[in-house]
Amino acid sequence: MRLTQNDLPATPAVSTAEAKAFARVADSQQDTAIAEMVKAATQEAERRTGRALIRREIIAVFDAYEAAPPLDLPYGPVESVDLFERWDEDTNDWVTLPATDYQVAGDRIVLSELDAADWPEIERARDALRVTYTAGYGTTADSVPSPIRQAIQHMAAAAYRSQRPPDDGSAAFAAIQSNQQARKLAMSLLSPYVHYTLR
């Protein structure tokens, strides 16, 4: 499976101002850098949980060996499946499947009434099925679960501190330990939201 579209939306799960307040940064000289750290932390949170935080359109393409039901969609929570397509060798193009042939159950596409005849025929090994869907917790940062937002803030703050290590040796060692603890805490906060697939 590969994603051909999964860009972070313009609305961040954690704003630069929130990240600065969490890291206790008062000036604005590092705003651009902190915004990039928040973006990187958000991407890591999504990768580790398999969740899309802010709602967006995602396109996932599945190879033949992955294309058996149920079909796990990455980066839920899935709000809706907008297109379910199979590659057709006769027309050399994607063919849209009727919505009556399948159902969406959580983050999975399953057969309607368990009729295997409704599952699309696979006609090539690579890029056999394509799903366009909408996923995410909502359109605003407030819709993202608080523990995930806290994890992003911890990771971004740790990244910021690692860019500005203290000059004193013992203080630098303490800072490294603090950053490691922050990352462990972030992973703990993300753990309940990890999406596990059937395969």
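Residues numbered from 1 in each chain as written. Predicted model: local features only at pLDDT ≥ 70, side-chain atom pairs only at ≥ 80, totals over all residues. Heavy atoms only, no water.

## Topic: the overall build of the protein chain
So, point 1. Along the backbone of the protein chain there are 4 helices and 8 strands.
So, point 2. Going residue by residue from the N terminus, the α and β elements of the protein chain occur as β-α-α-β-β-β-β-β-β-β-α-α.
So, point 3. The long-range share in the protein chain, meaning contacts at least 24 apart out of those at least 6 apart in sequence, stands at 77%.
So, point 4. Counting every atom, the protein chain has about 10700 Å² of accessible surface; 49% of that belongs to carbon and sulfur. (Helix = DSSP H or I, 4+ residues; strand = E, 2+ residues; numbered from the N terminus. Contact = heavy atoms within 4.5 Å. Areas by Shrake-Rupley, 256 points an atom, 1.4 Å probe, with all protein chains shown as cover.)

## Concerning the environment of Val 144
So, point 1. Tracing the backbone shows Val 144 in the loop between strand S8 (129-135) and helix H3 (146-163).
So, point 2. The exposure class assigned to Val 144 is buried, which follows from its relative accessible area of 3%.
So, point 3. Spatially, the C-alpha atoms of Val 144 and Val 14 are 9.3 Å apart, while their sequence positions differ by 130 residues.
So, point 4. Discounting residues that sit within four places of it in the chain, Val 144 has contacts with Ala 13, Leu 53, Ile 54, Tyr 137 and Arg 149. (Buried < 20%, exposed > 50% of the residue type's maximum accessible area, 1.4 Å probe, protein only.)

## Observations concerning the pattern of salt bridges
So, point 1. Tallied over the full model, the rule gives 12 salt bridges.
So, point 2. Here Asp 88 ties to Arg 86 by a salt bridge, and the two come within 3.2 Å at their closest N and O atoms. Accessibility classification places Asp 88 together with Arg 86 in one group, the buried group.
So, point 3. Members of the salt-bridge network, linked through shared partners, are Glu 44, Arg 48 and Arg 183. (Salt bridge = Lys/Arg side-chain N within 4 Å of Asp/Glu carboxyl O.)

## A look at empty space enclosed by the protein
So, point 1. On inspection of all chains with the given rule, the structure shows 1 cavity of 30 Å³ or more.
So, point 2. What the largest cavity holds in volume is close to 40 Å³.
So, point 3. Ala 19, Ala 23, Val 25, Ile 34, Gln 153, Ala 156, Ala 157 and Tyr 160 are the residues that line the largest cavity.
So, point 4. Mapped onto the lining of the largest cavity, the elements with two or more residues apiece are helix H1 (16-23) and H3.
So, point 5. The greatest single-element share of the lining of the largest cavity, amounting to 4 residues, is contributed by H3.
So, point 6. In terms of residue class, the lining of the largest cavity is built from 7 nonpolar, 1 polar and no charged. (1 Å grid on protein atoms, 1.4 Å probe; cavity = no way out; pocket = protein on both sides within 12 Å on 5 of 7 lines; lining within 4 Å. Points joined across faces, edges and corners; volume = space filled by probe spheres on them. Nonpolar A, V, L, I, M, F, W, Y, C, P; charged D, E, K, R; others polar.)

## Details of unusual backbone geometry
Both trends apply: most residues other than glycine have a negative phi, and most peptide bonds are in trans.
So, point 1. Pro 69 connects to Pro 70 through a cis peptide bond whose omega is -5°.
So, point 2. Within the element layout of this structure, Pro 70 appears in the loop between strand S2 (56-62) and strand S3 (71-72).
So, point 3. Its identity as a non-glycine residue notwithstanding, Arg 24 has a phi of 60°, on the positive side.
So, point 4. Judged by its relative accessible area of 81%, Arg 24 is exposed.
So, point 5. Phi angles above zero are rare outside glycine, and Asp 127 is one such case at about 55°.
So, point 6. Checked against the element boundaries, Asp 127 lands in the loop between strand S7 (108-111) and S8.
So, point 7. Since its relative accessible area comes to 12%, Asp 127 is described here as buried.

## Brief notes about the packing of helix H2 (residues 31-49) against H3
So, point 1. Two elements in contact, H2 and H3, have axes whose closest approach is 8 Å; the angle formed by their N-to-C orientations is 135°. The orientation of H2 with respect to H3, classified from their angle, is oblique. For H2 against H3, the interelement crossing comes out right-handed. Contacts between H2 and H3 involve Ile 34, Met 37, Val 38, Ala 41, Thr 42, Glu 44 and Ala 45 from the first element and Ile 152, Met 155, Ala 156, Ala 159, Tyr 160 and Gln 163 from the second.
So, point 2. Of the residues contributing to the contact of H2 with H3, the split by class is 10 nonpolar, 2 polar and 1 charged. (Axes fitted to C-alpha atoms, helices over the stretch in contact; angles between N-to-C directions. Parallel < 35°, antiparallel > 145°, perpendicular 65-115°, else oblique. Left-handed = near helix turned anticlockwise from the far one by under 90°.)

## What to know about the sheet that holds S7
So, point 1. One open sheet accounts for 3 strands, arranged S3-S7-S6; its pairing is antiparallel. Both edges of this open sheet fall to S3 and strand S6 (102-105), since each of them pairs with a single strand only. (Pairing = 2+ DSSP bridges.)

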